[in-house]
Amino acid sequence: MIDETTEKSLIKTLKIDAKAIGIPAGAADIFIQKSLAAAKKSLASRKLITEKDLKRALIKELKKYSADFAYVYENRDKII
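Presented here is an overview of the structure given in this document.

Cut-offs applied
Residues numbered from 1 in each chain as written. Predicted model: local features only at pLDDT ≥ 70, side-chain atom pairs only at ≥ 80, totals over all residues. Heavy atoms only, no water. Helix = DSSP H or I, 4+ residues; strand = E, 2+ residues; numbered from the N terminus. Expected span 1.5 Å × (residues − 1). Buried < 20%, exposed > 50% of the residue type's maximum accessible area, 1.4 Å probe, protein only. Arc of directions from axis to C-beta. Contact = heavy atoms within 4.5 Å. Phe/Tyr/Trp six-rings, centres within 6.5 Å; stacked < 30°, edge-to-face > 60°. Lys NZ or Arg CZ within 6 Å of the ring centre and 35° of its normal.

For helix α2 (residues 25-43), with 19 residues, the first-to-last C-alpha span of 27 Å sits near the 27 Å given by 1.5 Å per residue. Regarding α2, the residues found buried are Ala28, Phe31, Ile32, Ser35, Leu36, Ala39 and Leu43. Projected down its long axis, α2 carries its buried residues within an arc of 125 degrees, all on one side. On the buried face of α2, the contacting elements are α1 (4-20), α3 (51-65) and α4 (67-74).

The next thing to look at is the packing of aromatic side chains. Counted by the stated rule, this structure contains one aromatic pair. Here the aromatic rings of Phe31 and Tyr65 are separated by 5.3 Å at their centres, their planes lie at 20 degrees, and the arrangement is stacked. Residue Phe31 is found in helix α2, and its partner Tyr65 is found in helix α3; the two are separated by 34 residues along the sequence. Judged by its relative accessible area of 18%, Phe31 falls in the buried class. Taking relative accessible area as the criterion, Tyr65 reaches 34% and is therefore assigned partly exposed. Between the NZ or CZ atom of Lys55 and the centre of the ring of Tyr73, over which it lies, the distance is 5.5 Å.

In structure tokens:
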């Protein structure tokens with residue numbers, strides 16, 4: 001399962017990305033919470049979760065709310 005420290009840093013990162021592309025804070029919070037909950041649910045059956053698994057699941061869920069948000073998160077820390 002995802003530990004609390006990882007989840008907090010992930011939320012912080014996602015909020016920064018959302019602000020960078022102009023998603024309102026309230027909407028970003030909803031997108032993030034729903035995406036994290038769905039990602040946790042989809043990964044619940046796994047005993048070991050890698051960073052790539054988590055990122056892949058989050059991107060899949062974020063695409064449901066904002067393709068731009070998912071794209072920015074997917075390409076974070078890459079030169080675009």
